[in-house]
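The primary structure of each chain is shown beneath.
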Amino acid sequence: MKNEAINPTGSFKDRMAAVAVSRALADGHDGLLVVSSGNMGSAVATYSARARLPATVVVSSNACPDRVAQFRLAGAKVVTLDGPDPVKMVAAAQLARSEGLLNVTAPFNPFAPEGVRTVGYEIWTEFGELPDWVVVPVGYGSLVTGLFGAFQDIVATGASRNMPRLAAVQSTGSPSLVRAFERGLEAATPGPADSVCSGINQEVTIASVQVLRALRASRGTAVAVPDADILAALELLAWTEGILVEPTGAAAIAGLSALRRDGVIGPGEVVVTVLTGTGIRGKTWGRRPEISGTE
Ligand SMILES: Cc1ncc(COP(=O)(O)O)c(C=O)c1O
């Protein structure tokens, strides 16, 4: 398990924020803008504060108030914008242009997903090899495309001959990417967004073309699992490893179980899952296990 919950703001999005802030400083931007009501907002607000750069975080009106308070605490300006993701993205890009801000909303800003490549490099350096499979949740798609880029870099240098097969996990409540993969489509079409996993609860994976290409090029797969299985995986992680993740952070574990059950991943294969976000800041999920015998 590659535990990204231990990053400074609690998710793999810190990787993107670090690169994005460096880029904004190097290019002399007046600040940064990001569309996010969640982890990317926390990462960009916090990393911008550290660099003394103004940040604007564009949120939905139903954003969690504690999160928004966190963005403000880091000094970010919060702008509320509602509507479908693609429409919001265009409006946010216009706002960024008019105010001289670097729009670091992944996956449109190439510098932001670049930071995710470091997760791939670390899997290789910490593990000593590239595994047979890497299983990750997919929302907008920057994690999959970043990892694929990193593994291509490593294989291209000859340092490893093993290109990991990428498995993308979604909830059955928001399965746009999985549906497109299974139907052999080149792009995902919008569908329901009805999952408790906020990081992957999108109507459509915005970088679906690139994600589908990466999955197919790596001889990988895509799988949707019910929220109930993801929450069970969250509990399992807490009880057996002492790692507290948010629901999206447990999706890869639930996806791995499904792929092992279905025989897609074999018993002897080496698998790395990415635990993408911490469960420390939010609602506590799950229940206490039944304890039999003496306590
Ligand atoms: C904790 C967590 N995991 C996974 C994802 C999905 O990553 P991506 O949007 O790069 O596909 C997100 C996105 O917000 C997230 O917050």
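To start, this report covers the structure provided alongside it. Treat the numbers as computed from the prediction; the structure is a model and nothing was measured. (Residues numbered from 1 in each chain as written. Predicted model: local features only at pLDDT ≥ 70, side-chain atom pairs only at ≥ 80, totals over all residues. Heavy atoms only, no water.)

## Looking at the overall build of the chain
Point 1. The number of helices and strands found in the chain is 10 helices and nine strands.
Point 2. Taken over C-alpha atoms, the radius of gyration comes to 19 Å for the chain, in line with the 19 Å a tight globule of 295 residues would show.
Point 3. With the C-alpha coordinates aligned to their principal axes, the bounding extent of the chain is approximately 55 × 55 × 35 Å.
Point 4. Here the chain holds 295 residues, and 53% of them are scored as buried.
Point 5. When contacts within the chain are restricted to residue pairs at least 6 apart in sequence, long-range pairs at least 24 apart make up 69% of them. (Helix = DSSP H or I, 4+ residues; strand = E, 2+ residues; numbered from the N terminus. Rg over C-alpha atoms; globule rule 2.2 N^0.38 Å. Buried < 20%, exposed > 50% of the residue type's maximum accessible area, 1.4 Å probe, protein only. Contact = heavy atoms within 4.5 Å.)

## What about the sheet that holds strand β8 (residues 221-225)?
Strand pairing in a sheet relies on backbone hydrogen bonds. The paired strands run either parallel or antiparallel.
Point 1. A sheet is described by the order of its strands in space; here five strands give the open sequence β1-β9-β6-β7-β8, paired in parallel fashion. The open sheet has two free edges, formed respectively by β1 (2-3) and β8, since each of these has just one partner strand.
Point 2. As paired strands, β1 and strand β9 (residues 271-275) are joined by two bridges and run parallel to one another. Looking across to β9, one finds that Asn3 is bridged to Leu275.
Point 3. Sitting on the sheet, helix α6 (residues 142-156) is in contact with β6 (133-137), β7 (165-171) and β9, with an inclination near 155 degrees to β6. (Pairing = 2+ DSSP bridges. Axes fitted to C-alpha atoms, helices over the stretch in contact; angles between N-to-C directions.)

## Regarding helix α1 (residues 13-26)
Point 1. An ideal rise of 1.5 Å per residue puts 20 Å on 14 residues; α1 measures up with 20 Å between its terminal C-alpha atoms.
Point 2. Those residues of α1 lying buried are Lys13, Asp14, Arg15, Met16, Ala17, Ala20, Val21 and Ala24.
Point 3. The elements touched by buried residues of α1 are β1, β2 (31-35), α2 (39-50), β5 (101-103), α5 (111-127) and α6. (Expected span 1.5 Å × (residues − 1).)

## A closer look at the site of the ligand
Point 1. Gly139, Tyr140, Gly141, Ser142 and Thr276 are the nearest of the 16 residues found near the ligand.
Point 2. Contacts to the ligand include Lys13, whose side-chain N or O atom sits 3.2 Å from an oxygen atom.
Point 3. At a separation of 3.0 Å, an oxygen atom of the ligand approaches a polar backbone atom of Leu143.
Point 4. Burial of the ligand by the protein amounts to 96% of the accessible area it has alone, namely 390 Å².
Point 5. Of the residues that constitute the shell around the ligand, the class distribution is six nonpolar, eight polar and two charged. (Near = heavy atom within 4 Å. Polar contact = N/O pair within 3.5 Å; in protein donor to acceptor, adjacent residues only side chain to side chain. Areas by Shrake-Rupley, 256 points an atom, 1.4 Å probe, with all protein chains shown as cover. Nonpolar A, V, L, I, M, F, W, Y, C, P; charged D, E, K, R; others polar.)

## Here we look at the packing of α1 against α2
Point 1. Relative to each other, α1 and α2 sit at 40 degrees, their axes nearing to 8 Å. When the axes of α1 and α2 are compared, the pair comes out oblique. Crossing of α1 against α2: the hand is right-handed. Facing Lys13, Asp14, Met16, Ala17, Ala18 and Val21 of α1, the residues of α2 in contact are Asn39, Met40, Ala43, Val44, Tyr47 and Ser48.
Point 2. Looking at the contact of α1 with α2 residue by residue, the class counts come to eight nonpolar, two polar and two charged. (Parallel < 35°, antiparallel > 145°, perpendicular 65-115°, else oblique. Left-handed = near helix turned anticlockwise from the far one by under 90°.)

## Looking at the pairing of strand β3 (residues 55-59)
Along a regular strand, successive side chains alternate from one face of the sheet to the other.
Point 1. Burial runs high along β3: five of the five residues are buried.
Point 2. Neither face of β3 is open: one carries Ala55, Val57 and Val59, the other Thr56 and Val58, and all of them are buried.
Point 3. Two elements, β2 and β3, share four bridges in a ladder whose sense is parallel. Paired with Leu32 across the two strands is Ala55, which belongs to β3.
Point 4. Each parallel crossover has a hand, and the one from β2 via α2 to β3 is right-handed.
Point 5. Bridging between β3 and strand β4 (residues 77-80) involves four bridges; their strand directions are parallel. (Right-handed = clockwise from strand over helix to strand, strands pointing away.)

## Section: the sheet that holds β2
Point 1. One open sheet holds the four strands; their spatial order is β4-β3-β2-β5, and the pairing between them is parallel. Lying at the two open borders of the sheet, with one neighbouring strand each, are β4 and β5. Each adjacent strand pair in this sheet contributes to an overall mean axis angle of 25 degrees, direction not counted.
Point 2. Together, β2, β3, β4 and β5 form the strand contacts of helix α4 (residues 85-99), whose direction differs from that of β2 by roughly 170 degrees.

## Quick notes on the packing of α2 against helix α3 (residues 65-73)
Point 1. The geometry of α2 relative to α3 is characterised by a closest axis approach of 8 Å and an angle of 15 degrees between their N-to-C directions. As far as their axial angle goes, α3 and α2 are roughly parallel. You can see that α2 and α3 cross each other, and the crossing is left-handed. Facing α2, whose interface residues are Asn39, Gly41, Ser42 and Ala45, α3 presents Arg67, Gln70 and Phe71.
Point 2. Here the residues of the contact of α2 with α3 sort into two nonpolar, four polar and one charged.

No statement about biological role is implied by the geometric values presented.
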